[in-house]
Amino acid sequence: IFYAFYTGAASALSILQEEEDGTLPRLSTTPTSMSTILGGKLVAVFALVVVQVLVLMAFSSLIFRTAWGAPGPMALAIAGLVVLAASFGIFIMSWLKDTKQAGVVIGGVMTVVGMVGISSVFTGTVPGAGGGIAQILPLFTPHGWAMRVWGLVMDGGSVNDVLLPFAVMLALTAVFFSIGAF
(Lines give C-alpha, C1' and ligand atoms only; values in the text may rest on other atoms or scores of the structure.)
Protein backbone atom coordinates (compact mmCIF):
# COMPACT_ATOMS: atom_id res chain seq x y z
CA ILE A 1 0.00 0.00 0.00
CA PHE A 2 2.76 2.39 0.99
CA TYR A 3 4.68 1.77 -2.24
CA ALA A 4 1.58 1.97 -4.43
CA PHE A 5 0.90 5.50 -3.18
CA TYR A 6 4.54 6.50 -3.66
CA THR A 7 4.45 5.14 -7.19
CA GLY A 8 1.19 6.99 -7.87
CA ALA A 9 2.70 10.28 -6.71
CA ALA A 10 6.06 9.73 -8.42
CA SER A 11 4.35 8.82 -11.70
CA ALA A 12 2.09 11.86 -11.52
CA LEU A 13 5.23 13.93 -11.06
CA SER A 14 5.59 13.74 -14.86
CA ILE A 15 2.85 16.41 -15.02
CA LEU A 16 5.13 18.89 -13.24
CA GLN A 17 8.10 17.76 -15.30
CA GLU A 18 6.16 18.39 -18.51
CA GLU A 19 5.14 21.81 -17.19
CA GLU A 20 8.80 22.68 -16.53
CA ASP A 21 9.91 21.30 -19.90
CA GLY A 22 7.21 23.29 -21.72
CA THR A 23 5.42 20.29 -23.24
CA LEU A 24 2.27 20.62 -21.11
CA PRO A 25 1.55 24.23 -22.21
CA ARG A 26 1.97 23.13 -25.83
CA LEU A 27 -0.43 20.26 -25.22
CA SER A 28 -2.99 22.65 -23.75
CA THR A 29 -3.10 24.59 -27.06
CA THR A 30 -4.70 21.57 -28.71
CA PRO A 31 -8.45 20.90 -28.52
CA THR A 32 -7.74 18.21 -25.90
CA SER A 33 -9.23 19.10 -22.53
CA MET A 34 -7.07 19.11 -19.39
CA SER A 35 -9.37 16.43 -17.94
CA THR A 36 -8.58 14.19 -20.91
CA ILE A 37 -4.85 14.83 -20.53
CA LEU A 38 -5.02 14.05 -16.81
CA GLY A 39 -7.19 11.03 -17.56
CA GLY A 40 -4.44 9.74 -19.82
CA LYS A 41 -1.94 10.33 -17.05
CA LEU A 42 -4.24 8.46 -14.68
CA VAL A 43 -4.34 5.47 -17.04
CA ALA A 44 -0.52 5.46 -17.29
CA VAL A 45 -0.14 5.66 -13.51
CA PHE A 46 -2.83 2.99 -13.16
CA ALA A 47 -0.94 0.60 -15.43
CA LEU A 48 2.33 1.16 -13.59
CA VAL A 49 0.77 0.62 -10.16
CA VAL A 50 -1.08 -2.53 -11.36
CA VAL A 51 2.19 -4.04 -12.51
CA GLN A 52 3.89 -3.05 -9.25
CA VAL A 53 1.14 -4.52 -7.06
CA LEU A 54 0.97 -7.76 -9.04
CA VAL A 55 4.74 -8.24 -8.98
CA LEU A 56 4.92 -7.56 -5.23
CA MET A 57 2.02 -9.94 -4.58
CA ALA A 58 3.51 -12.69 -6.74
CA PHE A 59 6.93 -12.26 -5.16
CA SER A 60 5.58 -12.33 -1.61
CA SER A 61 3.40 -15.34 -2.41
CA LEU A 62 6.34 -17.30 -3.79
CA ILE A 63 9.04 -16.25 -1.34
CA PHE A 64 7.11 -15.58 1.90
CA ARG A 65 4.06 -17.77 1.22
CA THR A 66 1.74 -14.82 1.81
CA ALA A 67 -1.94 -15.77 1.62
CA TRP A 68 -3.69 -12.85 -0.07
CA GLY A 69 -7.26 -14.10 0.25
CA ALA A 70 -10.01 -15.13 -2.14
CA PRO A 71 -9.75 -13.97 -5.76
CA GLY A 72 -12.98 -11.87 -5.84
CA PRO A 73 -12.26 -9.70 -2.81
CA MET A 74 -8.58 -9.55 -3.78
CA ALA A 75 -9.49 -8.21 -7.24
CA LEU A 76 -11.56 -5.46 -5.58
CA ALA A 77 -8.68 -4.65 -3.22
CA ILE A 78 -6.23 -4.41 -6.13
CA ALA A 79 -8.58 -2.27 -8.23
CA GLY A 80 -9.38 0.03 -5.32
CA LEU A 81 -5.74 0.45 -4.35
CA VAL A 82 -4.61 1.13 -7.89
CA VAL A 83 -7.21 3.77 -8.80
CA LEU A 84 -6.94 5.44 -5.40
CA ALA A 85 -3.13 5.61 -5.48
CA ALA A 86 -3.16 6.94 -9.06
CA SER A 87 -5.78 9.62 -8.39
CA PHE A 88 -4.15 10.62 -5.09
CA GLY A 89 -0.87 11.14 -6.96
CA ILE A 90 -2.58 13.43 -9.45
CA PHE A 91 -4.35 15.25 -6.59
CA ILE A 92 -1.08 15.86 -4.72
CA MET A 93 0.82 17.01 -7.82
CA SER A 94 -1.98 19.43 -8.76
CA TRP A 95 -1.17 21.55 -5.68
CA LEU A 96 2.55 21.90 -6.44
CA LYS A 97 4.35 24.38 -8.63
CA ASP A 98 7.54 22.51 -9.55
CA THR A 99 9.51 19.30 -9.17
CA LYS A 100 11.57 20.74 -6.30
CA GLN A 101 8.42 21.06 -4.19
CA ALA A 102 7.41 17.56 -5.25
CA GLY A 103 10.57 16.09 -3.77
CA VAL A 104 9.73 17.50 -0.35
CA VAL A 105 6.08 16.48 -0.57
CA ILE A 106 6.78 12.95 -1.81
CA GLY A 107 9.53 12.50 0.75
CA GLY A 108 7.89 14.14 3.75
CA VAL A 109 4.15 14.57 3.40
CA MET A 110 3.54 11.25 1.66
CA THR A 111 5.58 9.48 4.33
CA VAL A 112 3.64 11.04 7.21
CA VAL A 113 0.24 10.49 5.59
CA GLY A 114 1.25 6.96 4.67
CA MET A 115 2.49 6.14 8.17
CA VAL A 116 -0.78 7.37 9.69
CA GLY A 117 -2.75 5.37 7.12
CA ILE A 118 -0.92 2.13 7.71
CA SER A 119 -0.42 2.64 11.45
CA SER A 120 -2.41 -0.51 12.17
CA VAL A 121 0.63 -2.45 10.93
CA PHE A 122 2.57 -1.00 13.86
CA THR A 123 -0.16 -1.30 16.50
CA GLY A 124 -1.98 -4.44 15.35
CA THR A 125 -0.28 -6.88 17.72
CA VAL A 126 0.19 -4.52 20.66
CA PRO A 127 -2.31 -5.40 23.43
CA GLY A 128 -4.87 -2.61 23.87
CA ALA A 129 -3.62 -0.65 20.85
CA GLY A 130 -6.04 -2.11 18.31
CA GLY A 131 -9.13 -0.10 19.22
CA GLY A 132 -10.26 3.49 19.53
CA ILE A 133 -8.17 6.13 17.85
CA ALA A 134 -5.85 3.51 16.31
CA GLN A 135 -8.77 2.23 14.24
CA ILE A 136 -10.31 5.61 13.36
CA LEU A 137 -7.32 7.87 12.65
CA PRO A 138 -6.10 5.91 9.59
CA LEU A 139 -9.50 6.37 7.94
CA PHE A 140 -8.70 10.07 7.57
CA THR A 141 -6.18 9.03 4.91
CA PRO A 142 -6.66 7.18 1.62
CA HIS A 143 -4.00 4.72 2.81
CA GLY A 144 -6.19 3.82 5.78
CA TRP A 145 -9.08 2.82 3.53
CA ALA A 146 -6.74 0.70 1.43
CA MET A 147 -5.47 -0.96 4.63
CA ARG A 148 -9.04 -1.60 5.71
CA VAL A 149 -9.87 -3.40 2.45
CA TRP A 150 -6.65 -5.42 2.40
CA GLY A 151 -7.07 -6.37 6.07
CA LEU A 152 -10.57 -7.65 5.37
CA VAL A 153 -9.41 -9.60 2.32
CA MET A 154 -6.45 -11.20 4.09
CA ASP A 155 -8.66 -12.10 7.07
CA GLY A 156 -10.88 -14.13 4.74
CA GLY A 157 -13.50 -11.48 4.01
CA SER A 158 -15.98 -11.95 1.20
CA VAL A 159 -16.85 -9.57 -1.62
CA ASN A 160 -19.75 -8.30 0.50
CA ASP A 161 -17.36 -7.56 3.39
CA VAL A 162 -15.16 -5.33 1.24
CA LEU A 163 -17.88 -3.53 -0.74
CA LEU A 164 -18.32 -0.58 1.64
CA PRO A 165 -14.62 0.30 2.04
CA PHE A 166 -14.15 -0.35 -1.69
CA ALA A 167 -16.99 2.10 -2.43
CA VAL A 168 -15.31 4.67 -0.18
CA MET A 169 -12.06 4.15 -2.12
CA LEU A 170 -13.89 4.75 -5.40
CA ALA A 171 -15.55 7.88 -4.00
CA LEU A 172 -12.18 9.19 -2.82
CA THR A 173 -10.76 8.40 -6.27
CA ALA A 174 -13.47 10.53 -7.91
CA VAL A 175 -12.87 13.39 -5.45
CA PHE A 176 -9.08 13.32 -5.82
CA PHE A 177 -9.20 13.13 -9.61
CA SER A 178 -11.82 15.88 -9.87
CA ILE A 179 -9.85 18.23 -7.64
CA GLY A 180 -6.62 17.35 -9.45
CA ALA A 181 -8.21 18.00 -12.84
CA PHE A 182 -9.72 21.28 -11.63
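Scroll up for the structure.
Below you will find a few notes about this structure. Bear in mind the structure is a predicted one, so any value in this text is a computation, not a measurement.

### Considerations on the overall build of the protein chain
- Of regular secondary structure, the protein chain possesses nine helices and zero strands.
- Shown N-terminal to C-terminal, the secondary structure of the protein chain runs as helices and strands in the order α-α-α-α-α-α-α-α-α.
- Taken over the C-alpha trace, the protein chain has a radius of gyration of 17 Å; the compact-globule value for 182 residues is 16 Å, and the two agree within 12%.
- Taken over the C-alpha atoms alone, the protein chain extends approximately 55 × 30 × 30 Å along its principal axes.

### What to know about the side chain of His 143
- Tracing the backbone through its elements, the reader meets His 143 in helix 8 (residues 142–154).
- For His 143, a relative accessible area of 1% puts it in the buried group.
- Excluding residues that lie within four positions of it along the chain, His 143 makes contacts with Ile 1, Phe 5, Phe 88, Val 113, Gly 114, Gly 117 and Ile 118.

### As for the nonpolar core
- The biggest cluster of nonpolar side chains holds 48 residues, and the ones touching the most others in it are Phe 5, Val 53, Leu 81, Ile 92, Met 93 and Trp 150.
- Elements with a contribution of two residues or more to this core: helix 1 (2–21), helix 3 (34–64), helix 4 (71–94), helix 5 (99–117), helix 8 and helix 9 (159–181).
- Ranked by the residues each element gives to this core, the list is headed by helix 4, at 14 residues.

### Quick look at unusual backbone geometry
- Unlike most non-glycine residues, Arg 65 shows phi in positive territory, near 60°.
- Tracing the sequence through the fold places Arg 65 in the loop between helix 3 and helix 4.
- On the accessibility criterion, Arg 65 (67% relative accessible area) is exposed.

### Comments concerning the packing of helix 8 against helix 9
- Here helix 8 crosses helix 9 at 155°, and the two axes come no closer than 9 Å. As summarised for this structure, helix 8 and helix 9 are arranged roughly antiparallel, according to the angle between their axes. Crossing of helix 8 over helix 9 shows left-handed handedness. On the side of helix 8, the interface is formed by Pro 142, Trp 145, Ala 146, Arg 148, Val 149, Leu 152 and Val 153, while helix 9 contributes Asp 161, Val 162, Pro 165, Phe 166, Val 168, Met 169, Leu 172 and Phe 176.
- Split by residue class, the contact of helix 8 with helix 9 holds 13 nonpolar, no polar and two charged.

### A short note on helix 4
- Over its 24 residues, helix 4 extends 34 Å from the first C-alpha to the last, a length consistent with the 34 Å expected when each residue adds 1.5 Å.
- Burial runs high along helix 4: 18 of the 24 residues are buried.

### Quick look at the packing of aromatic side chains
- By the definition in use, this model includes nine aromatic pairs.
- Here the aromatic rings of Phe 59 and Phe 64 are separated by 6.2 Å at their centres, their planes lie at 80°, and the arrangement is edge-to-face.
- Their ring planes at 75° and their centres at 5.4 Å tell us that Trp 68 and Trp 150 sit as a pair that is edge-to-face. On the criterion of sequence distance, the pair formed by Trp 68 in the loop between helix 3 and helix 4 and Trp 150 in helix 8 is long-range, its members being 82 residues apart. Side by side, Trp 68 and Trp 150 carry an identical accessibility label, which is buried.
- Three or more aromatic residues link up through ring pairs in this structure, and these residues are Phe 5, Phe 88, Phe 91, Trp 95 and Phe 176.

Basis of the calculations
- Residues numbered from 1 in each chain as written.
- Predicted model: local features only at pLDDT ≥ 70, side-chain atom pairs only at ≥ 80, totals over all residues.
- Heavy atoms only, no water.
- Helix = DSSP H or I, 4+ residues; strand = E, 2+ residues; numbered from the N terminus.
- Rg over C-alpha atoms; globule rule 2.2 N^0.38 Å.
- Buried < 20%, exposed > 50% of the residue type's maximum accessible area, 1.4 Å probe, protein only.
- Contact = heavy atoms within 4.5 Å.
- Core = buried A, V, L, I, M, F, W, Y, C linked by side-chain atoms within 4.5 Å.
- Axes fitted to C-alpha atoms, helices over the stretch in contact; angles between N-to-C directions.
- Parallel < 35°, antiparallel > 145°, perpendicular 65-115°, else oblique.
- Left-handed = near helix turned anticlockwise from the far one by under 90°.
- Nonpolar A, V, L, I, M, F, W, Y, C, P; charged D, E, K, R; others polar.
- Expected span 1.5 Å × (residues − 1).
- Phe/Tyr/Trp six-rings, centres within 6.5 Å; stacked < 30°, edge-to-face > 60°.

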